[in-house]
Amino acid sequence: MKIVVTGPYESGKSLMIHHITDGACINVERRGTTIAMDHGVANVDGMSVFLFGTPGLLRFRTMRKILSSGADGIIFVVDSVNPESDARAKLFFREIAFFLPGVPCVVAANKQDLDEARPVDKLRESMSFLAGLPVIPVSAKTGKNVEGMLRTLLYLSMMQWSSVLGKIAEYSGNTKGLDKIVKDLNIERDRAVGHLRRFELRKLLTLQVGDEQFHVNENVKALLENPVLIMRR
Ligand SMILES: Nc1nc2c(ncn2[C@@H]2O[C@H](COP(=O)(O)OP(=O)(O)OP(=O)(O)O)[C@@H](O)[C@H]2O)c(=O)[nH]1
Ligand SMILES: [Mg+2]
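Keep in mind that what you see is a predicted model, and the values were worked out from it rather than measured.

So, how was this worked out
- Residues numbered from 1 in each chain as written.
- Chains lettered and ligands numbered in written order.
- Predicted model: local features only at pLDDT ≥ 70, side-chain atom pairs only at ≥ 80, totals over all residues.
- Helix = DSSP H or I, 4+ residues; strand = E, 2+ residues; numbered from the N terminus.
- Rg over C-alpha atoms; globule rule 2.2 N^0.38 Å.
- Buried ≥ 20, exposed ≤ 12 C-beta atoms within 10 Å, placed from the backbone.
- Contact = placed C-beta atoms within 7 Å.
- Domains from an automatic or database assignment.
- Core = buried A, V, L, I, M, F, W, Y, C linked by C-beta atoms within 7 Å.
- Pairing = 2+ DSSP bridges.
- Axes fitted to C-alpha atoms, helices over the stretch in contact; angles between N-to-C directions.
- Near = placed C-beta within 6 Å.
- Nonpolar A, V, L, I, M, F, W, Y, C, P; charged D, E, K, R; others polar.
- Left-handed = near helix turned anticlockwise from the far one by under 90°.
- Right-handed = clockwise from strand over helix to strand, strands pointing away.

## Examining the overall build of the chain
Okay, so step 1: Regarding its fold elements, the chain presents nine helices and nine strands.
Okay, so step 2: In terms of C-alpha radius of gyration, the chain reaches 19 Å, essentially the compact-globule figure of 17 Å for 233 residues.
Okay, so step 3: C-alpha atoms of the chain, sized along the principal axes, occupy 60 × 35 × 30 Å.
Okay, so step 4: Here the chain holds 233 residues, and the buried ones make up 39% of them.
Okay, so step 5: In the chain, of all internal contacts separated by at least 6 residues, the share reaching a separation of at least 24 is 66%.

## Points about the environment of Met-149
Okay, so step 1: Position of Met-149 relative to the elements: it lies in helix H5 (residues 146–160).
Okay, so step 2: Not counting residues up to four positions away in its chain, the partners in contact with Met-149 are Val-106, Ala-108, Ile-136 and Val-138.

## Remarks on the domain arrangement of the chain
Okay, so step 1: One can read the domain layout of the chain as domain 1 (2–159) and domain 2 (162–231).
Okay, so step 2: Spacing between the C-alpha centres of domain 1 and domain 2 amounts to 29 Å.
Okay, so step 3: Taken together, the 12 residues of domain 1 in the interface contact 11 residues of domain 2.
Okay, so step 4: Elements supplying a minimum of two residues to the side of domain 1 that touches domain 2: strand S4 (47–53) and H5.

## Comments concerning the nonpolar core
Okay, so step 1: Core analysis: the largest hydrophobic core is formed by 58 residues, its most contacted members being Ile-3, Val-5, Met-16, Ile-75, Phe-76, Val-107 and Ala-108.
Okay, so step 2: Top element by residues in this core is H5. It accounts for six residues.
Okay, so step 3: Domain assignment of the residues forming this core places at least three in each of domain 1 (2–159) and domain 2 (162–231).
Okay, so step 4: If near-sequence neighbours (up to four positions away) are discounted, Ile-3 is found in contact with Val-49, Phe-50, Leu-51, Ala-71, Asp-72, Gly-73, Ile-75 and Leu-153.

## Here's the deal with the sheet that holds strand S1 (residues 2–6)
Okay, so step 1: Taken together, seven strands build an open sheet; the order of strands is S2-S3-S4-S1-S5-S6-S7 and the sheet is mixed. This sheet does not close on itself; its edge strands, each paired only once, are strand S2 (25–30) and strand S7 (135–137). Across the sheet, the axes of successive neighbouring strands diverge by a mean angle of 20°, strand direction being ignored.
Okay, so step 2: Taken together, the six bridges between strand S5 (residues 73–79) and strand S6 (residues 105–110) define a ladder with parallel strand orientation. Residue pairing for S6: Val-78 is matched across the bridge by Ala-109.
Okay, so step 3: Of the strands in this sheet, S1 and S5 touch helix H3 (residues 86–99), which is tilted by about 170° from S5.

## Things to note about the site of ligand 1
Okay, so step 1: Neighbouring ligand 1 are 19 residues, the closest being Gly-12, Ser-14, Leu-15, Thr-34 and Gly-56.
Okay, so step 2: Counting only elements with at least two residues in the shell around ligand 1, the list comes to helix H1 (13–20) and strand S3 (33–44).
Okay, so step 3: Top element by residues in the shell around ligand 1 is H1. It accounts for three residues.
Okay, so step 4: Looking at the shell around ligand 1, its residues break down into five nonpolar, nine polar and five charged.

## Structural notes on the packing of helix H7 (residues 177–185) against helix H8 (residues 189–201)
Okay, so step 1: Two elements in contact, H7 and H8, have axes whose closest approach is 9 Å; the angle formed by their N-to-C orientations is 115°. Once H7 is placed against H8, the crossing between them reads as right-handed. Residues Leu-178, Ile-181 and Val-182 of H7 touch H8, and the partners they reach there are Arg-189, Ala-192 and Val-193.

## Section: the environment of Asp-72
Okay, so step 1: For Asp-72, the location among the structural elements is in the loop between helix H2 (61–68) and S5.
Okay, so step 2: Taking the number of C-beta atoms within 10 Å as the measure of exposure, Asp-72 has 23 and is therefore buried.
Okay, so step 3: For the pair formed by Asp-72 and Val-103, sequence separation is 31 residues and the distance between their alpha carbons is 6.3 Å.
Okay, so step 4: In this structure Asp-72 touches Met-1, Lys-2, Ile-3, Val-103 and Ser-157, once residues within four positions along its chain are discounted.

## Let's talk about the pairing of S5
Every regular strand shows the same layout, with side chains that alternate between the two sheet faces.
Okay, so step 1: Here S5 lies mainly inside the structure; seven of its seven residues are buried.
Okay, so step 2: Neither face of S5 is left uncovered, since the one carrying Gly-73, Ile-75, Val-77 and Asp-79 and the one carrying Ile-74, Phe-76 and Val-78 both have all their residues buried.
Okay, so step 3: Bridging between S1 and S5 involves four bridges; their strand directions are parallel. Paired with Thr-6 across the bridge in S5 is Phe-76.
Okay, so step 4: Running through H3, the crossover from S5 to the neighbouring parallel element S6 is right-handed.

What follows is the structure in structure tokens.
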């Protein structure tokens with residue numbers, strides 16, 4: 001899955017990716033401020049999670065647009081401590097909702113390790129755009145709740161694709177796999193191939209030459225059949 005980590009300046013996006021990937025990530029930064037991107041890959045129950053962190057300075061909008069393209073899920077990081085960040089959070093939220101309409105999103109109420117951190121209900125009062133979104137109190141510094149938050153988002157993202165992923169798991173290894181997906185989902189062939197390529201890029205499956213047949217990565221088959229498994233850890 002491709003996950004974009006966005007939110008206002010200094011909210012903790014880079015540290016979050018650093019924590020999730022156990023430090024196996026890159027950060028293109030200048031004096032501690034991300035100027036291009038963070039990138040790292042995590043493995044959750046055998047599933048590859050490609051994380052892209054955005055810059056938090058307003059002027060890097062084009063970069064955020066590029067990094068967001070095609071994402072399956074959004075981690076929206078807000079600063080629980082600094083109220084001055086709230087107005088910027090609102091602008092960033094509008095932006096990501098415009099880039100990725102309808103894509104599942106969880107809000108990381110970050111820096112909860114600090115005494116001054118505002119609780120989730122106070123954050124909801126100050127940032128009304130959070131209404132209807134899961135807001136999870138986390139700390140990118142200590143790692144508290146970060147894994148649970150990521151699993152929640154992966155679950156929501158897989159549910160968004162559940163009809164496609166279920167069929168992909170069902171017809172893995174079938175010589176007429178593509179045909180069956182086209183028929184069962186009643187979609188155009190090109191669209192079905194598009195789905196397969198999407199999930200091949202995300203390392204959930206490998207496509208055979210000619211695209212007729214595909215094989216789901218055995219590590220993730222059970223997850224694709226039953227996404228809720230990702231919540232049971
Ligand atoms: N105490 C505490 N500090 C944090 C936490 N997350 C981030 N920080 C600190 O907040 C500052 C900004 O963290 P970054 O991860 O660079 O934030 P960012 O959102 O990537 O910042 P930009 O890329 O510049 O927008 C750093 O000094 C971090 O150490 C947290 O959960 N707790
Ligand atoms: Mg950063």
